[in-house]
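A look at the structure
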Amino acid sequence: WGTFAAVLLLAGGGSAYAQAGQDRWRFTTMDDGLVTASLAAVNKLTNNSGTLSYSPVLTIACRTGGDPQWSEWLRLNDMASGSTVTVSVAIGGNQAVDERWMTSGRGKVLVKSGPQAVSRLVPAERLALSWRFGILSGRGEADFDLEGISDVVGQLAEACQTNQP
């Protein structure tokens, strides 16, 4: 899983922007059947050196016949330590829940796999994520406006020739 996540971040592939209410989502189709929709956070983080601010990016992915077929990623500019990271997840107006997410892409991608990772987002309007970069490091937070996500997941399912999660 980590290899293709890293490849996705580095490789090209076809891309387009969604239309209408989802114009903030960027769609990409890879030659290997991976289809993604990515959205920048509404907030900014400052990198470890304090010289650059950036928005974390949420990616929803599906793969035709892949295992796992659906996944959710958080792409960072700074590295999180360890093979898994505890991420505090608040969906919509619900109370935050702690989850274990895998790290990939040299610790700069946090991954939650499975259809439930995506299906829980469909009815939501907002997603707030919080995590620690490492034991002695600070916390990162990302807030996403999920307007239009139901249509986005529908487009991904159609492109992957599968049912919505």
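Our subject in this report is the structure included herewith. Quick caveat, the model's predicted, so the values are computed rather than measured.

Inside soluble globular proteins, nonpolar side chains tend to come together where they are buried. Core analysis: the largest hydrophobic core is formed by 37 residues, its most contacted members being Trp131, Phe144 and Leu146. Every element with two or more residues in this core is listed here: strand E3 (34-40), strand E6 (57-63), strand E7 (70-75), strand E8 (84-91), strand E11 (126-132), strand E12 (139-145) and helix H3 (149-159). No other element matches H3, which puts five residues into this core. Phe144 has contacts with Leu39, Ala40, Ala41, Pro56, Val57, Leu58, Leu74, Glu125, Arg126, Leu127 and Leu129, leaving out every residue within four places of it along the chain. Among the nonpolar cores identified, the runner-up in size contains six residues, and Leu34, Ala61, Trp73 and Val111 belong to it.

The subject of this paragraph is the state of the cysteines. Among covalent bonds in proteins, the disulfide is the one between the sulfur atoms of two cysteines. Applying the stated criterion across every chain yields a total of one disulfide. Between Cys62 and Cys160 runs a disulfide, and the two sulfur atoms are separated by 1.9 Å. Because the torsion about its S-S bond is 90°, the bridge between Cys62 and Cys160 counts as right-handed. Of this pair, Cys62 sits in strand E6 while Cys160 sits in the segment after H3, and the two are 98 residues apart along the sequence. Here the two residues Cys62 and Cys160 agree in accessibility, since each one is buried.

What counts, and at which threshold
Residues numbered from 1 in each chain as written. Predicted model: local features only at pLDDT ≥ 70, side-chain atom pairs only at ≥ 80, totals over all residues. Heavy atoms only, no water. Core = buried A, V, L, I, M, F, W, Y, C linked by side-chain atoms within 4.5 Å. Buried < 20%, exposed > 50% of the residue type's maximum accessible area, 1.4 Å probe, protein only. Helix = DSSP H or I, 4+ residues; strand = E, 2+ residues; numbered from the N terminus. Contact = heavy atoms within 4.5 Å. Disulfide = S-S within 2.5 Å.

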